[in-house]
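# Summary of the model geometry
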Amino acid sequence: MAHSRDLSRPRQAGSPVAARDTVLGHQGLRLEEDLLFELDSPGLSGVDLPNVPAVEARLGGLERRSEIGLPGLSEPEIVRHYTRLSQKNYAIDMGTYPLGSCTMKHNPRLNEKVVRLPGFAGLHPLQPVETAQGALELIDATAQWLKTLTGMPAIAMSPAAGAHGELCGMMAIRAALDARDGGETPRRRVLVPESAHGTNPATAAACGFTVDPIPANDDGRVDVAAFAAKLGDDVAAVMLTNPNTCGLFEPDMIEIARLIHQADGYFYCDGANFNAIVGRVRPGDLGIDCMHINLHKTFSTPHGGGGPGAGPVVLSEALAPFAPRPWIVHDGDGFALVENDADTGDATPIGRLKGFHGQMGMFVRAFAYMLSHGKDGLSQVSGDAVLNANYVMARLQDVMTPSFEGPCMHECLFDDRFLDGSGVTTLDFSKAMIDEGYHPMTMYFPLVVHGAMLIEPTETESKRGLDDFIAVMRRLAESARAGEQARFTGAPEFTPRRRLDETMAARKPVLRWFPAAETAEAAE
Ligand SMILES: *Cc1c(COP(=O)(O)O)cnc(C)c1O
């Protein structure tokens, strides 16, 4: 092989290597991985391509004159490379994934089987609708289920994620206000609780609103008096999550809805935490005007690593006319898509938010999930999710510090008071969890408590799985309090990389690879 490793080269200059140095940098059976371009053996190929026959040049002199620069690798080399890469990604299929506010639940394999049925897997978004009737019927049936579960009259299926759904909902609110106020609405203020997910204020700002924070009361809920005091004729909407991102149910939803409507504003509900109430509470009964649903959280479709997702938005009668195109209609002759302004009748859609009709694969998975659970199964999902989170909180509350008194919903929030005086931070604690084989919980969010640790086990963790997790958390908490600081500040010890310079990685990401010679040149 032309390729040879430079064994004198320190692996990853600047980042301490775990445990002992080994010849090639491997640790046990965890292998170091070079880039494909570093593995290059020029001339080697996993495929045999026929020689190109002589043809007359037709590109008018634009033909490539230099080598294309693809790395040469054999088939086993390439298979191993991608298999090893796939194993570097921690996944819900590998272990507990307690990330709060993310609902990392098991994805039933049945969903995957259904989505791979040739009729779904082979669909093309541009094929004639007469040939895609089943797909349209599935989108429509999924829409009906979501409307029923939320108690809302209308839905937009196309948004591709939670944040995209927020954009859809806030654009609809903006359009409704503009229409009502006969042009550009003077209502510019959106009220958002301090504990809100970061996407809420970001979305409001992206739609041209200013964000006015609503303070929380001592129980971690919206302070209704403070909320009422902020209302005025420049308020466009309130954006609220229920359960909120402290994992607590907002008990004053109906009063908040009454107050915002009295002030002629709209009620946006962030439904990303729907898993905690699905099958038990219909947000429509609480008086909301719109809510996005993360299919990739509540309805189990795989997520993480940046996608894919799906964020359908349910809408009240007042906002329904502004729903984005396309939507599905049906009559005795079957299903059709309303795609063009000319066909939208009295509706005044905000436009189109996404190419084609939404994330079809996510719809199929979510629908398979709903059908396989049924109505009773879905309410058991929320019951078990809440039970699991309360079990974790109850078993940890004597060694860690829950931020709020009383039971939680689907996730439990701790802060770092139990670490006071130990020299251990929330970050150190999280890194020590990695050494113990656990993906850390969500940390430093929500911002309303100090050194937040937000744990969401979901309903799919078994009691055995929860007990193991609890045992580890208890041991770590006791260890921190016993002054065993080094175990934390030195963690993680057992990973191929230890603490990375996350600021550098965010500010100066290295997104391109250059051959060694060019790198040297660039450094000069
Ligand atoms: C996950 C989440 C979002 C954003 O959803 P994405 O699909 O990641 O865009 C918004 N709000 C809350 C409360 C969430 O948990």
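Above this text you will find the structure in question.
On a predicted model such as this, the values are computed, not experimentally measured, just so you know. (Residues numbered from 1 in each chain as written. Predicted model: local features only at pLDDT ≥ 70, side-chain atom pairs only at ≥ 80, totals over all residues. Heavy atoms only, no water.)

### A word on the pattern of salt bridges
Scanning the model with the defined rule gives 27 salt bridges in all. Of the charged contacts in the structure, one is a salt bridge between Glu-32 and Arg-497, with a shortest N-O distance of 2.9 Å. Residue Glu-32 is located in the segment before α1 (75-87), and its partner Arg-497 is located in the loop between α13 (486-489) and α14 (502-507); the two are separated by 465 residues in the primary sequence. On the basis of relative accessible area, Arg-497 is assigned to the partly exposed category, the value being 21%. A salt bridge links Glu-484 to Arg-475, with the shortest nitrogen-to-oxygen separation between them at 3.9 Å. For Arg-475, a relative accessible area of 39% translates into the label partly exposed. In this structure, a network of salt bridges that share partners links the residues Arg-174, Asp-178, Glu-184 and Arg-188. (Salt bridge = Lys/Arg side-chain N within 4 Å of Asp/Glu carboxyl O. Helix = DSSP H or I, 4+ residues; strand = E, 2+ residues; numbered from the N terminus. Buried < 20%, exposed > 50% of the residue type's maximum accessible area, 1.4 Å probe, protein only.)

### Looking at the environment of Pro-215
By secondary structure assignment, the location of Pro-215 is in the loop between β3 (210-214) and α7 (224-230). Along the chain, Pro-215 and Val-192 lie 23 residues apart, while their C-alpha atoms are 8.9 Å from each other. If near-sequence neighbours (up to four positions away) are discounted, Pro-215 is found in contact with Glu-194, Arg-221, Val-222, Asp-223, Ala-226 and Lys-230. (Contact = heavy atoms within 4.5 Å.)

### Notes on the packing of aromatic side chains
Evaluated as defined, the whole model comprises 6 aromatic pairs. Relative to Tyr-369, the ring of Phe-299 has its centre 6.3 Å away and its plane inclined at 80°; by these criteria the two rings are edge-to-face. Linking Phe-299 in the loop between α9 (295-298) and β7 (313-315) with Tyr-369 in helix α10 (residues 360-396), this pair joins segments that are 70 residues apart in sequence. The pair formed by Phe-299 and Tyr-369 is uniform in burial state, with each residue classed as buried. For the ring pair Phe-429 and Phe-488, a centre distance of 5.9 Å and an interplane angle of 15° mean the geometry is stacked. Here Phe-429, found in helix α11 (residues 426-435), pairs with Phe-488, found in helix α13; they are 59 residues apart in sequence, far enough to count as distant. One aromatic cluster in this structure is built from Phe-418, Phe-429 and Phe-488. The aromatic ring of Phe-209 is capped on one face by Arg-174, whose charged end is 5.9 Å from the ring centroid. (Phe/Tyr/Trp six-rings, centres within 6.5 Å; stacked < 30°, edge-to-face > 60°. Lys NZ or Arg CZ within 6 Å of the ring centre and 35° of its normal.)

### Here's the deal with the site of the ligand
Of all residues adjacent to the ligand, which total 15 residues, the nearest are Ser-101, Gly-162, Asp-270, His-296 and Lys-297. Contact between the ligand and Asp-270: a nitrogen atom at 2.6 Å from a side-chain N or O atom of the residue. Asn-294 is positioned with one of its side-chain polar atoms (N or O) 3.0 Å from an oxygen atom of the ligand. Computed on the free molecule, the ligand has an accessible area of 390 Å², of which 86% lies beneath the protein chains in the complex. At the level of elements, α5 (162-180) and α9 are the ones that each hand at least two residues to the shell around the ligand. The element that contributes the greatest number of residues to the shell around the ligand is α5, accounting for 3 residues. (Near = heavy atom within 4 Å. Polar contact = N/O pair within 3.5 Å; in protein donor to acceptor, adjacent residues only side chain to side chain. Areas by Shrake-Rupley, 256 points an atom, 1.4 Å probe, with all protein chains shown as cover.)

### Overview of the sheet that holds strand β13 (residues 453-455)
Spatially, 4 strands are ordered β10-β11-β13-β12 in an open sheet, and the strand pairing comes out antiparallel. In this open sheet, the two strands that pair with only one neighbour each are β10 (401-402) and β12 (442-443). Here strand β11 (residues 412-415) pairs with β13 via 3 bridges, running antiparallel. Across the sheet, Leu-413 pairs through a bridge with Leu-454, a residue of β13. Sheet strands in contact with α10 are β10, β11 and β13, and its direction is about 30° off that of β11. (Pairing = 2+ DSSP bridges. Axes fitted to C-alpha atoms, helices over the stretch in contact; angles between N-to-C directions.)

Keep in mind that these numbers describe shape and distance, not what the molecule does.
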